[in-house]
Amino acid sequence: MAMAWLWTGMVVLSLIFGFLTGNISLLGNAALEGATAAVDLCISMAGIMCLWTGVMEIMNQCGLSALLARAFRPLLRRLLPQTSRDAETLAAISANLSADMLGLGNASTPLGIRAARRMAYGCMGVASDELCLLVVLNTASIQLLPTTVAGVRSALGCTEPFNILPAVWLASLLSVAAGLFAAKLFARIWRN
């Protein structure tokens, strides 16, 4: 609901300033050009998303995503000791983080929701520290292959869409470290 108010406010302010400055025709042209560019970007992104979703499905079929998820389990058992007792929840979290690492946010969302629902069961409406940590890990999202960002860069004409890898790796590592630190710190503060 807040986003609806925010967007409505931006449109109303744009119209007011367009009328006040006498640029209402330029505002209309900019809106039409923006809408056209948005449709073009969505169509080009649809192809890229289909490609990477297909890659994820191939990884599922050949067992590579399960192997990647299995590699996460020792780390997740240390980060989420109570959740790791439930194998199905741990598998959903592992698969969710695997998809995040491959930059497949759209593919990882259903897995994250399934894991969060399983973790929320029995919490009586209050998120546990581990559930908050899962949200932090998903928000920070360490990525090995930023496929969605590379897809946007490619759709907008970038000749080397993956040349951002070192910066993405560093930013991802720092955001996950900061998120984990903050989650653990706030968990201790709230417990006391």
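Residues numbered from 1 in each chain as written. Predicted model: local features only at pLDDT ≥ 70, side-chain atom pairs only at ≥ 80, totals over all residues. Heavy atoms only, no water.

Mind showing me how you'd approach the overall build of the protein here?
Each helix and strand counted, the protein has eight helices and zero strands in total. Order of helices (α) and strands (β) in the protein, N terminus to C terminus: α-α-α-α-α-α-α-α. Its C-alpha atoms give the protein a radius of gyration of 21 Å, clearly above 16 Å, the size a compact globule of 192 residues would have. Each principal axis of the C-alpha atoms in the protein carries an extent, and together these give about 65 × 45 × 30 Å. In the protein, which comprises 192 residues, the share counted as buried stands at 30%. Of the accessible surface of the protein, which amounts to about 12400 Å², a share of 71% is contributed by carbon and sulfur atoms. The distance from the centre of the 12 positive side-chain charges to the centre of the 9 negative ones in the protein is 15 Å. (Helix = DSSP H or I, 4+ residues; strand = E, 2+ residues; numbered from the N terminus. Rg over C-alpha atoms; globule rule 2.2 N^0.38 Å. Buried < 20%, exposed > 50% of the residue type's maximum accessible area, 1.4 Å probe, protein only. Areas by Shrake-Rupley, 256 points an atom, 1.4 Å probe, with all protein chains shown as cover. Lys, Arg positive; Asp, Glu negative; His and termini not counted. Charge placed at Lys NZ, Arg CZ, Asp CG, Glu CD.)

Mind showing me how you'd approach helix H2 (residues 24-62) here?
Helical periodicity: at 3.6 residues per turn, an α-helix aligns residues three or four positions apart in one direction. The terminal C-alpha atoms of H2, which comprises 39 residues, lie 56 Å apart, in line with the 57 Å expected from a rise of 1.5 Å per residue. Considered for burial, the residues of H2 that qualify are Met45, Ile48, Met49, Trp52, Met56 and Met59. Backbone geometry just after H2 places Gly63 at a positive phi near 90 degrees. (Expected span 1.5 Å × (residues − 1).)

Can you walk me through the packing of H2 against helix H7 (residues 147-155) in this structure?
Between two packed helices, what matters for the description is the angle formed by their axes and the separation of those axes. At a minimum axis separation of 9 Å, H2 and H7 run at an interaxial angle of 140 degrees. Between H2 and H7, the angle falls in the class oblique. The chirality of how H2 crosses H7 is right-handed. Contacts between H2 and H7 involve Leu41, Ser44, Met45, Ile48, Met49 and Trp52 on the former and, on the latter, Thr147, Thr148, Gly151, Val152 and Ala155. (Axes fitted to C-alpha atoms, helices over the stretch in contact; angles between N-to-C directions. Parallel < 35°, antiparallel > 145°, perpendicular 65-115°, else oblique. Left-handed = near helix turned anticlockwise from the far one by under 90°. Contact = heavy atoms within 4.5 Å.)

Could you clarify how one ought to interpret the nonpolar core in this entry?
As a rule of thumb, nonpolar side chains are buried together in soluble globular proteins. Judged by nonpolar contacts, the single largest core of 19 residues is most densely connected at Leu76 and Ile93. Once you skip the residues sitting within four places of it in the chain, Leu76 turns out to touch Pro81, Leu90, Ile93, Ser94 and Leu97. Met45, Trp52, Met59 and Leu104 belong to the second-largest nonpolar core, a separate cluster that totals nine residues. (Core = buried A, V, L, I, M, F, W, Y, C linked by side-chain atoms within 4.5 Å.)

Just checking my understanding: could you explain the side chain of Ser172 for this structure?
Mapped onto the fold, Ser172 is located in helix H8 (residues 165-191). A relative accessible area of 7% places Ser172 in the buried class. Once residues within four sequence positions are removed from consideration, Ser172 is found in contact with Ser141, Ile142 and Gln143.

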